[in-house]
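# Fold and contact review
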Amino acid sequence: MDPLRIDIHPDIRKAETPPSRLYTDPAIHDRQRELVFARTWQYARADLPASGPGIAPFTLLEGALSEPLVLTRDEAGTERILSNVCTHRGALVAQKACAATSLTCAYHGRRFGLDGSFRSAPEFQGAEHFPTHREDLRALALERFGPLRFAALQPRHSLAEHTGDLRERLSHLPFDRLVHDASRDRTFEFAANWALYCDNFLEGLHIPYVHPSLNATIEFESYRTELMRHSSLQIALARPGTAAFTPPPSSPDHGKRVAGYYAWVFPNLMLNFYPWGLSLNLVEPRGVDRTRVRFETWIADRAAFEFMDVGELDRIEFEDEAVVADVQRGMRSRLHVRGRYAPARETAVHHFHRLLVAALA
Ligand code: FES
Ligand SMILES: [Fe+2]
């Protein structure tokens, strides 16, 4: 029997929550790096020049994968994600985002096209069987969800397959109007395992206890959770007098006042849609008990955004971090055994645990 194996009963009414080792064991954490993060689609944040050919280096899932990559756009407008590791002796090729029509390694001057193809290498006269395709920069799969780019090292399936049901469910949201406001970017770091942060995100059960101010703006009784194949969606309805979506007849939510759609994409991405736009949270595992979360703000309706209390999202974040760090301490207790799920309120947590242990098996 594999000592790292964890079972979660498929029936939430019978299931027990994961044993503490899921959140504390370095061996399980290492296994997640290869079997979870290297095999799933990860949000790829890189800032290319607004138009024309260019390059933008970035790191895929810093702390867990830390994969050096570069996003390129060629003259025809085709975007690619390439390895940013030089095929000569491994230096990082692109150092900063700029307009460029080729890539030149800063170490010994090797050049590549924006499609990653090898162009030239100074002083390689006399090298046998050179160049071969091994001199090219490796290209990764690149896919999009609205304006968001995603890359994957060894994906088990396409991003369309991974998120298709979620996209369909949210098709009435104004993805085409979302504009990233980099001035609102922020990062938060705290002492807890990344999966505890996801667990916390995936249930609204804690809202009345942990977030009194949020609780005052939503209808807790109507809070709903929907499970998709590799994602889930939580929907909160707004109390009268607070900002809300009014979904069109094509949406199953037509006729309701929706305060927010809180989407989660396995394993580590949260897309929170509000009437003003999107708050994107990328969860970066930094160690077995250390996590960083990147927040990005994508605005669809500037006037609605200006009207919002921007301090509120930060306040909720600090409340969540404090409780999650507490749970990490609880996970280290010798007295803690496995818990149980609240069947009506913790379906998305259970779903996440099932996906996670399946990926690790
Ligand atoms: S490492 Fe890039 S040219 Fe030598
Ligand atoms: Fe919360």
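Numbering of residues begins from 1 in every chain and follows the order in which that chain's sequence is written. A letter from A marks each chain and a number from 1 marks each ligand, given out in the order of writing. The model is predicted, so local features are restricted to residues of pLDDT at least 70 and side-chain atom pairs to those at 80 or more, both for listing and for counting; the totals for chains, interfaces and linings are taken over all residues. The basis for every side-chain value is the complete set of non-hydrogen atoms in the structure, without hydrogens or water.

### What about the coordination of the iron ion (ligand 2)?
Six octahedral donors around a metal ideally make angles of 90 or 180 degrees; four tetrahedral donors ideally make 109.5 degrees. Note on the iron ion (ligand 2): its protein donors are His206 (NE2), His211 (NE2), Asp320 (OD) and Asp320 (OD). The metal-donor distances range over 2.0 to 2.6 Å. Because the angles between the four donor atoms bound to the iron ion (ligand 2) fall within 54 to 149 degrees, the donor set is best described as irregular. Note: metal donors comprise N, O and S atoms at 2.8 Å or less from the metal (3.2 Å for Na, K and Ca); water molecules are not included, so apparent gaps in a site are possible. Taken in chain order, the donor set of the iron ion (ligand 2) reads H-x4-H-x108-D. Taken as a pair, His206 and His211 share a single burial class, namely buried. Tetrahedral means four donors with every angle between 85 and 135 degrees, whereas square planar (four donors) and octahedral (six donors) require angles over 155 degrees between opposite donors and between 65 and 115 for all others; sites fitting neither are termed irregular. Per-residue accessibility, obtained with a 1.4 Å probe over protein chains only, is compared with the maximum for each type, and a residue is labelled buried under 20%, exposed over 50%, and partly exposed between these values.

### Description of helix 4 (residues 194-201)
Counted residue by residue, helix 4 has eight buried out of eight residues, so it is predominantly covered. Considered for burial, the residues of helix 4 that qualify are Trp194, Ala195, Leu196, Tyr197, Cys198, Asp199, Asn200 and Phe201. Polar contact is defined as a pair of N or O atoms within 3.5 Å, subject to the rule that within protein one atom must be able to donate a hydrogen and the other to accept it, and that residues adjacent in sequence are counted only when both atoms are side-chain atoms. Strands here mean DSSP runs of E at least two residues long; helices mean DSSP runs of H or I at least four residues long; both are numbered from the N terminus. Capping the start of helix 4, Asn193 holds a side-chain oxygen 2.8 Å from the backbone nitrogen of Ala195, two or three residues further along.

### A short note on the side chain of Arg149
For Arg149, the position within the fold is in strand 9 (residues 148-152). Of the polar contacts made by the side chain of Arg149, one reaches the side chain of Glu79; its length is 2.6 Å. Setting aside residues no more than four positions away along its own chain, Arg149 makes contact with Gln42, Tyr43, Ala44, Ala46, Leu48, Leu71, Glu79, Leu142, Glu143 and Arg144. By definition in these notes, contact holds between two residues if any of their heavy atoms fall within 4.5 Å.

### Quick notes on the pairing of strand 17 (residues 290-299)
Along any regular strand, the residues point their side chains to alternate faces of the sheet. Strand 17 sits mainly inside the fold: eight of its ten residues count as buried. The pairing criterion is simple: DSSP has to find at least two bridges between the two strands. Two elements, strand 10 (residues 179-180) and strand 17, share two bridges in a ladder whose sense is antiparallel. Across the sheet, His180 pairs through a bridge with Trp298, a residue of strand 17. Direction of pairing for strand 11 (residues 186-190) relative to strand 17: antiparallel, over a ladder of five bridges. Each residue of the ladder has a partner; that of Glu189, found in strand 17, is Arg292.

### Some thoughts on the side chain of His230
Mapped onto the elements, His230 comes out in the loop between strand 12 (224-227) and strand 13 (231-237). For His230, a relative accessible area of 12% puts it in the buried group.

### A few points about the packing of helix 4 against helix 9 (residues 347-360)
For the pair helix 4 and helix 9, the least separation of the axes is 8 Å and the interaxial angle reads 145 degrees. Taken as a pair, helix 4 and helix 9 cross one another with a handedness that is right-handed. Contacts from Trp194, Ala195, Cys198 and Asp199 of helix 4 reach helix 9 at Val349, Phe352, His353 and Leu356. Throughout, an axis means a line fitted to C-alpha atoms (over the contacting stretch in the case of helices), and angles, computed between N-to-C directions, take values from 0 to 180 degrees. Take the far helix as your reference; a near helix turned counterclockwise from it by less than a right angle gives a left-handed crossing, and one turned clockwise gives a right-handed crossing.

### Notes on the pattern of salt bridges
Here, a salt bridge means any Lys or Arg side-chain nitrogen found within 4 Å of an Asp or Glu carboxyl oxygen. Evaluated as defined, the whole model comprises 31 salt bridges. With a shortest N-O distance of 3.8 Å, Arg286 and Glu284 are connected by a salt bridge. Glu284 serves as the salt-bridge partner of Arg294, at 2.8 Å between the closest nitrogen and oxygen. You can see Arg294 sitting in strand 17 and its partner Glu284 sitting in strand 16 (residues 277-287), a full ten residues away along the chain. Take Arg294: its relative accessible area is 28%, and that puts it in the partly exposed class. When salt bridges with common partners are traced through the structure, they connect Glu62, Glu284, Arg286, Arg292 and Arg294 into a single cluster.

### A closer look at the domain arrangement of the protein chain
Split into domains, the protein chain comes out as domain 1 (42-152) and domain 2 (162-360). Segmentation into domains, and thus their bounds, comes from an automatic or database assignment. With centres defined by C-alpha atoms, the gap from domain 1 to domain 2 works out at 33 Å. Tallying the contact residues gives 13 residues for domain 1 and 22 residues for domain 2. A 1.4 Å probe defines the accessible area here, and the buried area is the portion of it lost by two parts on being joined, summed over both. Each partner contributes to the roughly 1,500 Å² buried at the junction of domain 1 and domain 2, and carbon and sulfur atoms together form 63% of this total. When residues of domain 1 are sorted by the area they lose upon contact with domain 2, Tyr43, Glu62 and Phe145 head the list and together hold 42% of the total. Taken together, domain 1 and domain 2 are joined by four salt bridges. Residues Arg45 and Glu296 are paired through a salt bridge, measuring 2.9 Å at the closest nitrogen-oxygen approach. Taken together, the links from domain 1 to domain 2 amount to seven residue pairs in polar contact (both at pLDDT 80 or more). Residue assignment for the side of domain 1 that touches domain 2 shows that the elements contributing at least two residues are strand 1 (42-43), strand 8 (139-145) and strand 9. Per-class residue counts for the side of domain 1 that touches domain 2 are seven nonpolar, three polar and three charged. Only Asp, Glu, Lys and Arg are considered charged in this grouping, and only Ala, Val, Leu, Ile, Met, Phe, Trp, Tyr, Cys and Pro are considered nonpolar; every other residue, Gly among them, is considered polar.

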